[in-house]
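Coordinates in review
Each chain, letter by letter, is given below.
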Amino acid sequence: MQRLKRKIVVEKIIRRLFLIVSLFVGVLTAGAQSMSDLEILEFVQKERKAGTDQAQIFIKLMQRGVDAKQLQRLKKLYDNQGSSSSLKSLRLTTSSSSSSSSTNSRMRESNGSVRVDDEGNPLYSSMDGYNPLGSSEYEINDLDTRPNVYIKDSMNLLVNGKQVFGRDIFNKRTLSFEPNMNIPTPSNYVVGPGDFVAIDVYGASQKSQKLEVSPDGTVIVDGVGPIHLAGLSVAAANAKIKEQLGSRYSNSRIQLTVAQTRTITVNVMGEVAAPGTYTLSAFASVFHALYIAGGVNGVGTLRNIKVYRNGRQLTVVDVYDYILNGRLTGNIRLADNDVIVVGPYDCIVDIAGNVKRPMAYEMKANESVATLLKYAGGFSNKAYREAVRLNRTAGDHYSAYSVSEFDMAEFRLMDGDSVTVDSILDRYENTITVRGAVFHPGKYDLDGTTTIRSLIERSGGLTEDAFSAHAMLYRMKPDRTRKVISVDVDGLLAGTVADIALENEDDLYIPYRLETMSRRTLAIHGEVQFPGIYDYAEDETIEDLILQAGGPTDATSTAKVDVSRRISDPAATSSDKAIAQTFSFSLKNGYVVDGDRSFTLQPYDEVYVRKSPGYHPQRNVQVLGEVLFEGTYSLPMKNTRLSDAIKAAGGVTAEAYVRGARVERLLNPDERFRVQTLMKMAQQQTGRGLDTTMVTRTDSIYYVGINLDKALRNPGSDDDIILREGDRLVVPEYNGTVKINGNVMYPNTVAYSEGKGYKWYVNQAGGFGNRAKKSRTYILYQNGTVTKAKSSSAIEPGCEIIVPTKTSTPTQTIANIGSIGTSMATIVTLLVSVMNLLK
């Protein structure tokens, strides 16, 4: 009976499980298309990196709608090819199938090696967003399946510390020489294993087939069988396909094209950054192979790169011919198993000085100084062209040569030569100069301007502020020192003084009048909109200057405007106590001077517009905390007191702790100066490096100790202090605690206990610390007052007991010990002398 019951229960469980599994499978089947093979492999790799075990990965994939057959198929691919290669091949397949199915594209795809940077990102030469596989669905890093080649960018390309022209051409992100895969197939292109050919039949019959050439060189055409195409040019392969299929499609046209080229293997050897064997596109050139190999290294040549095919030298590449002339001579399309050999350079020559591109250049054995100058871009505009200087190593010493312009084409260069192109001399020929008070100062040619009079006329004549009574002509002597010739320009122009003939490099200076040599100004200070310094103008009045400064402010006093004038007496022979003259005026309507209207300003006058004693801007204080109407209040009188502020705020509330009220006050400039002075004095006395700016910066607000309860009981008394602008009167709530801080065993806050002394509270914090300065303990009350802690000191709610720490100042410094030692030595010497006398 029990067995029957168990059997029934088991059957029910099985039915329910079967129902659940059926529903689960249905859900999985419905969502099976939600993950592609590519997405599954990416998910597996991501989960493995996260440390997820295989069973959990399988469960997660089943939950995402992946069936067991798909997982088994992908597992075989994963195990056979490895995670990286299988993922890449799957990406390529996904991209190709997606591209062909969606657009039916016939575009070829790049399939050679890709050079990457330190982070593994491809160094593509084309525009941002370019994808070598022709898909726009993925980023470049996700989709590129070509082999990666990593070359360090830190390779030394310098020779003797000099940058060599052209060495970095194969290390630029913007220049990879990657072949264009979608050019028309060259007529001499030979079909080989790995190529994909497209056979199109159109006309009476319509058919397209994309076939891969097998390692045996054949393609298998549906209904025909294998056809051998390897070794044939595209034209010959086209003819053969037409011949084989012509009888079957007699009324149709047949065409063969290369849909995707194969890859070729190229060996790059010698002095390159990364010699080796590289897989490249069949359209790849010599330059692209060099780029993939990282370019030449520090000793590699750019002028004699050799390409071998089938054991024979095919061509020689000169990179300079491409850089300088734009010719791709020798940059042939590579074939399978080609070998590129980069040998060491033969000759590196450095050129410096006045050329357009001074740097080191690789030269061929038969090239001359003239060729080097051509490579360097030619002479600059300040170059000395008649000869260049050349230094050369000759055995165990150096030799210097001066190569004239006529020998530059014949003088052959050697490795290690250093050429310098000097600059022209900083001298002028057939040139004269005029400076100072003329309309067009500058340099003029001596031809046609032979005298001072003609030079002044040619430079536009004298300016109005020229001091023409005395000018100076500076003339160069044969030893390149100068002498001065005085010139009476007035007499010369009037014809009363003989004109002076000019010589090469003469320099004529005509000074300005003395009063124009310096800027003449006026200054205005005080209550104007824009106080400052302004240019002087003749007959300018006080009103003019006030208007120029933006007019008076609201605080301007019309009763007093002062003008200060400097005293200047060039003929004085003794000093005077008077250093300035002062004139006082009043204003009408804020602008017009009341009184003497003939007064005008003189250069360097200073005007002071005073502030009216009857002008007072509002001064505000804040009343905060336990008052009826807290907020900001304006001071009605200069002597407004604490009780007045509390009265204006409606009085204190029932919860107010009046005894703990405090005033927070801002440092004014005078107080800040005094604090800084005191801190400097303390620093000088103690000899310690105190940061005075820290105190004035952090303590710009300080507490004023008040007794608000006494002030309210006796308004106008000394306890009822006068408020000033910016004050904050804070009336707190009752705080029934006492805080113990400083050098105690455990800084603490405890409940207030009436009648207890300060030591009782210190004990509540564990007692004094090891370095406590007990005699200096002080109490900071909530109202801002401070007192030294005594046994009779009253402890109030909200106060803080602070125990300072002893300073660790050594009693014996090195200087003290040294002085003691010196004194002891002196005493010993005296004692010895006395003993000798006693003997």
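An account of the accompanying structure is given in this report. What you see is a predicted model, and the numbers here were worked out from it, not measured in a lab.

**A closer look at the pairing of strand β7 (residues 218–221)**
As paired elements, β7 and strand β8 (residues 225–228) share four bridges and run antiparallel to each other. Opposite V221, over in β8, you have G225 as the bridge partner. Hairpin connection, β7 to β8: the antiparallel pair is bridged by three residues, and G223 has positive phi, about 80°.

**Details of the sheet that holds strand β16 (residues 359–362)**
An order of β16-β15-β19-β17-β18 is seen for the five strands of this open sheet, with the pairing classed as mixed. Two strands close off the open sheet at either side, each with one partner strand: β16 and β18 (397–404). For this sheet the average axis-to-axis angle between neighbouring strands, irrespective of direction, equals 25°. When strand β15 (residues 348–353) meets strand β19 (residues 418–421), the two strands line up parallel, connected through four bridges. When the sheet's bridge partners are listed, I351 is paired in β19 with V419.

**Re the environment of A282**
Among the structural elements, A282 can be located in the loop between β11 (276–281) and α8 (286–292). In this structure, the C-alpha to C-alpha distance between A282 and T263, residues 19 residues apart in sequence, is 5.3 Å. Beyond its immediate stretch of four places on either side in the chain, A282 contacts Y189, T261, R262, I264, R333 and L334.

**Quick look at the side chain of R392**
As for its position among the elements, R392 is in strand β17 (residues 387–394). The class of R392 is buried, set by a relative accessible area of 10%. Within the structure, the side chain of R392 is placed 2.7 Å from the side chain of D417, a separation counted as a polar contact. When neighbours within four sequence positions are excluded, R392 is seen to be in contact with H397, Y398, S399, Y401, F411, R412, L413, M414 and D417.

**Some thoughts on the sheet that holds strand β20 (residues 431–436)**
Across the sheet, five strands lie side by side as β21-β20-β24-β22-β23; this open sheet has mixed pairing. Strands at the two margins of the open sheet, each flanked by one partner only, are β21 (442–445) and β23 (482–487). Mean inter-strand twist for the sheet, computed between neighbouring axes without regard to direction, equals 25°. Note that strand β22 (residues 471–476) and strand β24 (residues 507–510) share three bridges and pair antiparallel. Each bridged residue has a counterpart across the sheet, and for M472 the counterpart in β24 is Y509.

**A closer look at unusual backbone geometry**
Of note in this structure, N310 is not a glycine but carries a positive phi near 55°. Summarising the element assignment, N310 is placed in the loop between β12 (300–309) and β13 (312–317). Even without a glycine there, the phi angle at N430 is positive, about 60°. Tracing the backbone shows N430 in the loop between β19 and β20.

**Looking at a positive patch on the surface**
A surface patch of positive charge is lined by K759, R771, K773, K774, R776, K788, K790 and K806. By the secondary structure assignment, K806 is in the loop between β40 (800–803) and α20 (814–838).

**Brief notes about the pattern of salt bridges**
Applying the stated rule across the entire model yields 26 salt bridges. One salt bridge connects D422 with R389, and the closest N-O pair in it is separated by 2.7 Å. In this pair, D422 sits in the loop between β19 and β20 while R389 sits in strand β17, placing the two residues 33 residues apart along the sequence. Looking at R389, the relative accessible area reads 41%, which means it is partly exposed. The salt bridge partner of R392 is D417, with a shortest N-O separation of 2.7 Å. Here the residue R392 occupies a position in strand β17, and D417 occupies one in the loop between β18 and β19, the gap between them amounting to 25 residues. The two residues R392 and D417 agree in class, both being buried. A single salt-bridge network, built from bridges that share partners, covers R303, D318, K364 and E367.

Cut-off values and rules
Residues numbered from 1 in each chain as written. Predicted model: local features only at pLDDT ≥ 70, side-chain atom pairs only at ≥ 80, totals over all residues. Heavy atoms only, no water. Pairing = 2+ DSSP bridges. Helix = DSSP H or I, 4+ residues; strand = E, 2+ residues; numbered from the N terminus. Axes fitted to C-alpha atoms, helices over the stretch in contact; angles between N-to-C directions. Contact = heavy atoms within 4.5 Å. Buried < 20%, exposed > 50% of the residue type's maximum accessible area, 1.4 Å probe, protein only. Polar contact = N/O pair within 3.5 Å; in protein donor to acceptor, adjacent residues only side chain to side chain. Patch = residues over 30% accessible without salt bridge, like charges linked within 9 Å, V, L, I, M, F, W, Y side chains within 5 Å. Areas by Shrake-Rupley, 256 points an atom, 1.4 Å probe, with all protein chains shown as cover. Salt bridge = Lys/Arg side-chain N within 4 Å of Asp/Glu carboxyl O. Lys, Arg positive; Asp, Glu negative; His and termini not counted. Charge placed at Lys NZ, Arg CZ, Asp CG, Glu CD.

Distances and angles like these do not, on their own, reveal function.
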